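Examination of the molecular architecture
The residues making up each chain are set out below.
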Amino acid sequence: NSPDPEETLFSSCILSEFGDGWTQEVIRISHVSNNPIKKCDEDFQPMTVLDEKGRLHIHKKKKDIECKARSIEFATERSVKCGNWTNLSYRPSSPFSSDIIQTQCFSSNKTRNKVEDFLHIQVVKKEVKEEEVGVDPPPSVYIFVVDSVSNSQALRSLPKTVSLLQKEHQTVNLRHVNKVGENSHPNGIALFFGKVINLLDRSLFGMKNVDRDWDRSHCYRYLDEDGFVLSDFTKRGYVSLMAEDWASGVFNYPNCWGFQREPVTHYMRPFQVHYERHKYASRRYQGGMQCLETHTFMYQYLDRFIDKYPRSSKIAMTWASNVAHDDANRLFHFDAQLFNFFRDHREELDKSFVFLMGDHGIRFGAVRHTWIGNREINNPMLFISVPSHLRERINPILRENGEKLLTSFDIHASFVDILNGPTIEGEEGPKGLRGNSLFRPLPEGERSCRTLPIPLQFCLCEWNRTEVEKKKEGDEMGEAVTELLNQKLRVENIADYCEEFTYLSAKRITRIDGTRGIHSIHFRTEQCGAEFKAMVRVMDENGSMNVSLVSDAFIRTNSYGKTAECMDWRAELRPICCCK
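Thresholds applied
- Residues numbered from 1 in each chain as written.
- Predicted model: local features only at pLDDT ≥ 70, side-chain atom pairs only at ≥ 80, totals over all residues.
- Heavy atoms only, no water.
- Helix = DSSP H or I, 4+ residues; strand = E, 2+ residues; numbered from the N terminus.
- Rg over C-alpha atoms; globule rule 2.2 N^0.38 Å.
- Buried < 20%, exposed > 50% of the residue type's maximum accessible area, 1.4 Å probe, protein only.
- Areas by Shrake-Rupley, 256 points an atom, 1.4 Å probe, with all protein chains shown as cover.
- Lys, Arg positive; Asp, Glu negative; His and termini not counted.
- Charge placed at Lys NZ, Arg CZ, Asp CG, Glu CD.
- Polar contact = N/O pair within 3.5 Å; in protein donor to acceptor, adjacent residues only side chain to side chain.
- Contact = heavy atoms within 4.5 Å.
- 1 Å grid on protein atoms, 1.4 Å probe; cavity = no way out; pocket = protein on both sides within 12 Å on 5 of 7 lines; lining within 4 Å.
- Points joined across faces, edges and corners; volume = space filled by probe spheres on them.
- Nonpolar A, V, L, I, M, F, W, Y, C, P; charged D, E, K, R; others polar.
- Pairing = 2+ DSSP bridges.
- Axes fitted to C-alpha atoms, helices over the stretch in contact; angles between N-to-C directions.
- Expected span 1.5 Å × (residues − 1).
- Disulfide = S-S within 2.5 Å.

As recorded in an unreviewed UniProt entry, the protein chain goes by Sulfatase N-terminal domain-containing protein and comes from Pristionchus entomophagus.

Okay, here's the thing in structure tokens:
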């Protein structure tokens, strides 16, 4: 029997190279001079001063004010525990034992107007294992996640940072990472827990579907005992930090429980919960007008964490969501800030494992709708540097692996490999995981979207395609696939909450050459201005067009914002709902 042409096609994987993606289209819509804090007050200083011993006092230059302070600590993922207020003077107070401290200042005249509401950040050292002077601890691990940044986006928008890492730390660019979920949550679960939370449909390949490790009920239980990789490092004696720049958070969005207890030694979540709950005061006294952005506080926290534990093994994960999520142009401004952080900590980073990575590419904005943006969305950035004494042995392996199709699960396996033995020695890496450590040669054999845990609709492998240009044919397909979308609403039992969609027009339809009628269709609907992409098989049955889904997923290609708020209880279905 001759081989099935579809099996032959999908068992291979051609990975295209796009460099930095500076296409003419991208050049036209990019604004490299974008600076959201261009007019801020560079001389700003808070009215209260926190010293290295955790003591607060009123700034000596600030007159005719009265100030007070209190601790802000973790209570739950969505609430904080506030201490009692302490009145401040121009002399240092007693030390505060919490990492986050709120101060408020008022004019001392009759009006008693509030003139400041500020959250100070410190790192109060915990009792942890420290190596003796002269003894090197196991290498530290620093994970910098920048939400919605693809590989080529990083090359064009973070050139100073990437250049510094490559020149000073011999950082390796792993160019072909394939995201495994639509948004941050499923990708974050894959990266830091190593779990699949969406069924992987393999029916196209005639293969058995890959069952999810966790169903959606994982959102409605605590994750403390589920193998969070930073917690596992903490149990091994590492001092740990986790910081995000928004309160919803990768493990909490939109209504997931997250953790019952603080999962790391230093957890910045109380800052974000309080900051966003009092958004008006926060932005007025501690926002862009003072040259302070949401990620500023996150890197302040990390900076103090590094300084506080000079002789301990550390693991830290920062996740910057607000920088590029909705507007990639902000990355050009962010590049200088990130460059400065890496430059200031070059000695620490040179002896550590460093991951600069994204969770997926840009999902919204002008770039998303370009030819390069359509590919970038599935290809998050990943730059890895290893401690200097390991580079001669490990960097050649990293470079070889960087030529192959990779997934978020391979990154997770790499974290576990460091956890098991930070010098990455021995014949074999960690077993029983969804991925393989990037610090070791990858297993021989096929690496394609057939064999790796990658949903077909996100696959980076390139196939030749033919454009469907006949409008009548395209509209017939569009109407059929819109009805399949409405069927999904009914199957998921959400049709009572969400509008039934009406087909409006096709943006682009392509047929994958060498297949039995597999098409990718990008179409618009009337309700909520929603735009979707889907993969379907189109067959001619006795002169009639039969359209069936190849993958069960409908990918939303434009922002749904508040139009899907009625689906907070089914977060994975928000993209396909236009609330009634």
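Picking up after the structure, the text goes on.
On a plain count of helices and strands, the protein chain comes out with 15 helices and 22 strands. Scaling as 2.2 N^0.38, a compact globule of 580 residues should have a C-alpha radius of gyration of about 25 Å, and the protein chain matches this with 25 Å. Expressed as lengths along the three principal axes of its C-alpha atoms, the size of the protein chain is roughly 90 × 60 × 45 Å. Burial analysis of the protein chain (580 residues in total) assigns 56% to the buried set. Carbon together with sulfur atoms contributes 46% to the accessible area of the protein chain, which is approximately 25800 Å² in total. If the 77 positive side-chain charges of the protein chain are averaged to one point and the 81 negative ones to another, these points end up 5 Å apart.

As a further point, take the pairing of strand 14 (residues 353-357). Burial within strand 14 is extensive, with five of its five residues counted as buried. Because side chains alternate across strand 14, one face comprises the buried residues F353, F355 and M357, and the other comprises V354 and L356, equally buried.

This brings us to unusual backbone geometry. A cis amide bond links Y253 to the next residue, P254, at an omega of -15°. Structurally, the position occupied by P254 is in the loop between strand 11 (239-244) and strand 12 (266-267). Phi is positive for S148, close to 70°, though the residue is something other than glycine. Among the secondary structure elements, S148 is positioned in the loop between strand 8 (141-146) and helix 3 (151-157). One non-glycine residue, N493, lies in the positive phi region at around 60°. Mapped onto the fold, N493 is located in the loop between helix 15 (471-491) and strand 18 (503-512).

You can see T103 is positioned in strand 6 (residues 100-107). At a separation of 3.0 Å, a polar atom in the side chain of T103 contacts the side chain of T48. When sequence neighbours within four positions are dropped, the list of residues in contact with T103 reads T48, L56, K68, A69, L88, E116, D117, F118 and H120.

Here we come to empty space enclosed by the protein. As enumerated under the stated definition, the model contains four cavities of 30 Å³ or more in all. The calculated volume of the largest cavity comes to roughly 70 Å³. Its residues placed into classes, the lining of the largest cavity shows nine nonpolar, one polar and one charged. Considered as a void within the structure, the second largest cavity measures approximately 50 Å³ in volume.

Overall, mixed pairing links the seven strands, which are arranged 9-15-14-8-13-11-12 in an open sheet. Where the open sheet ends on each side, the last strands, each with one partner, are strand 9 (172-173) and strand 12. Bridge count for strand 14 against strand 15 (residues 382-385) is four bridges, and the pairing is antiparallel. Along strand 15, the bridge assignment pairs F355 with I384. Of the strands in this sheet, strand 8, strand 13 (314-320) and strand 14 are in contact with helix 5 (residues 184-193), which crosses strand 13 at around 170°.

Before going further, it helps to examine helix 14 (residues 408-420). Between the first and last C-alpha of helix 14 there are 19 Å, a value that for 13 residues agrees with the 18 Å anticipated at 1.5 Å per step. Burial analysis of helix 14 places 12 of its 13 residues in the buried class, the great majority of the element. Of all the residues in helix 14, the buried ones are S408, F409, D410, I411, H412, A413, S414, F415, V416, D417, I418 and L419.

Turning our attention to the state of the cysteines. A full pass over the atoms with the stated rule returns eight disulfides. Linked covalently through their sulfurs, C498 and C577 form a disulfide whose S-S length is 2.0 Å. With the S-S dihedral at roughly -100°, the linkage between C498 and C577 falls on the left-handed side. A residue pair is termed long-range when its members are at least 10 positions apart, and C498 in the loop between helix 15 and strand 18 and C577 in the segment after strand 22 (555-556) qualify at 79 residues. Accessibility expressed as a relative area gives 2% for C498, which makes it buried. For C577, a relative accessible area of 0% gives the class buried. Free cysteine: C82, not disulfide-bonded; nearest cysteine sulfur from C105 at 17 Å.

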